[in-house]
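# Architecture and fold: a report
These are the residues of each chain, in order.
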Amino acid sequence: MRSDKTQAPPNTPLVEGVDLFCGVGGLSCGLAAEGVRVVAGIDVDPACQFPYEANHKGARFLLRDVTTLRAEEVKAFWSPGAVRLLAGCAPCQPFSSYANTATVDKAKWRLLREFARLVAECEPDLVTMENVPRLQQAAPFKDFLRALKRGKYHVDYAVVNAADYGAPQQRRRLVLVASRLGPVAVPEPTHRGPANWVTVRKAVGHLATLKDGQTCKEDPLHVASTLSDLNRKRIRASKPGGTWRDWPPQLVAACHQRESGKHSAGVYGRMEWDKPAPTMTTLCNGYGNGRFGHPQQHRAISLREAAIFQSFPEDYCFVPEGRDVVIKSVARLIGNAVPPKLGEAVARALYASLPGESTPA
C-alpha cells in the first residue's frame, strides 16, 4: 500500500517521519503502511525523485546532500505536537561484504556521522536505521551509538533476515531502533523460519511469462534483460538451486575453470520456486551476476520481479508512464532499496515504545 493511501491507526499518536537517504522510498513505504505520516524524503540522487514523489504524494522530496543539510530545515517538516521520527539508511558501500576495504571511498563513512549530527541537532523522538551487517564492527556505527546514548535514547539493534518479516527474499540487515519516549526493541519476526517464509512461487508465480529481452505489454517494469547466445545455452543447462558446475564443460567460463574460480558458485544460478529469492543487489537484472535466473523461464528475473522480491507493492511506480525503462538504472534503484516489509516491522516496534501505547494492529 502506498503512503498516500494510508492513515495512522486509530487511537495512536501522530508520528511524522523524515527519511534521510530515502532512495526510491522503500523505508518510507513500509513506515507509511503502518500509519507513520512520512512528510519528507531526502536523497542526493536525482534518479530517486520521480519514484519517490510518484509513490509518496503526501511527502516532499528534497534533492540534497545531507552534509549540507541544516537542522532547521529538517525540523520545519514536522508538525507541532507530532511524534518526530528521523529515519535513514546511509549508503553502505564502505561496509558491504562486496567492498574492497583497501580501496573503498572512506569519504562515505562521513554519512553515518552526518546522520548522528542531525539526530543531535534535531532531537527527534524516534530514530531508526537499516544497513549492512558489517557496519556494527565499524567505528562510525560505534560513534553513532555513543551519540544516541548522549541524547538519552533507549537503543536496540540486531542483524535480522528480511525473510523473517514477510519479504520473499533472503536479506540480512542490521536494524537499529531508538526512542526517547520509552524502551524499544528490534521488532519480532512475523514469518520466522523457513516454514513461514514467502516463496518465489507465491511472490511472482502469477506474473506473465516472458522471454529474455521481452517486455510485458501490461507492465513495462516486467522486463527481462537480453541474454547472449552463450548465456541462453547456459540457463537451459541450469537447475533451480544449482550452479554452473551442472553445465557441460564447453559452457563453463574460463575464469571458473581456473583453480582461483572453482569456488565461485554463486553466479549463473536459478532461483528455486519454493524458497525465498536471494539478496537483491544493484545487478539483480543480470543472469551472470548472482542467482538471478528465473526458476522455470529461460531468462533473468524482471525488474518487477526484483521489486516484488524487495517487497514493494506490485503497482509501485519507478518510471514515468511512456518513458523508456533503462534496465540497469532501475535495477540499481531497486537493489539499493530498504525492503518495505522491514519498514513495516520497524514502525510497529517504534509505536510500541510510545508511552501508554501498544503496537498498532
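Structure first, text after, so check above.
As the structure is a computational prediction, the values presented were derived from the model and not from experiment.

Across the interface, helix α1 (residues 26-33) lies against helix α11 (residues 340-352) with an axial gap of 7 Å and an inter-helix angle of 45°. As judged from the angle between their axes, α1 and α11 are oblique. Crossing of α1 over α11 shows right-handed handedness. Residues G26, L27, C29, G30, L31 and A33 of α1 pack against P340, G343, E344, V346 and A347 of α11. Among the residues making up the contact of α1 with α11, the classes are represented as seven nonpolar, three polar and one charged.

This part covers unusual backbone geometry. With phi around 50°, E123 is a residue other than glycine that occupies positive phi space. Of note, E123 is situated in the loop between α4 (110-122) and β5 (126-131). E123 gets classed as partly exposed once you look at its relative accessible area, which sits at 42%. One non-glycine residue, Y268, lies in the positive phi region at around 55°. Positionally, Y268 belongs in the loop between α8 (254-257) and α9 (303-309).

Backbone hydrogen bonds are what pair the strands of a sheet, in a parallel or an antiparallel way. Ordered by their spatial adjacency, seven strands build an open sheet running β3-β2-β1-β4-β5-β7-β6, and the pairing between neighbours is mixed. Since the sheet does not close on itself, it has two edges, and those belong to β3 (60-63) and β6 (154-161), each with one partner. Pairs of neighbouring strands in the sheet enclose a mean axial angle of 15°, with direction left out of account. Sheet topology note: the β5/strand β7 (residues 172-179) ladder contains six bridges and is antiparallel.

Calculation rules
- Residues numbered from 1 in each chain as written.
- Predicted model: local features only at pLDDT ≥ 70, side-chain atom pairs only at ≥ 80, totals over all residues.
- Heavy atoms only, no water.
- Axes fitted to C-alpha atoms, helices over the stretch in contact; angles between N-to-C directions.
- Helix = DSSP H or I, 4+ residues; strand = E, 2+ residues; numbered from the N terminus.
- Parallel < 35°, antiparallel > 145°, perpendicular 65-115°, else oblique.
- Left-handed = near helix turned anticlockwise from the far one by under 90°.
- Contact = heavy atoms within 4.5 Å.
- Nonpolar A, V, L, I, M, F, W, Y, C, P; charged D, E, K, R; others polar.
- Buried < 20%, exposed > 50% of the residue type's maximum accessible area, 1.4 Å probe, protein only.
- Pairing = 2+ DSSP bridges.

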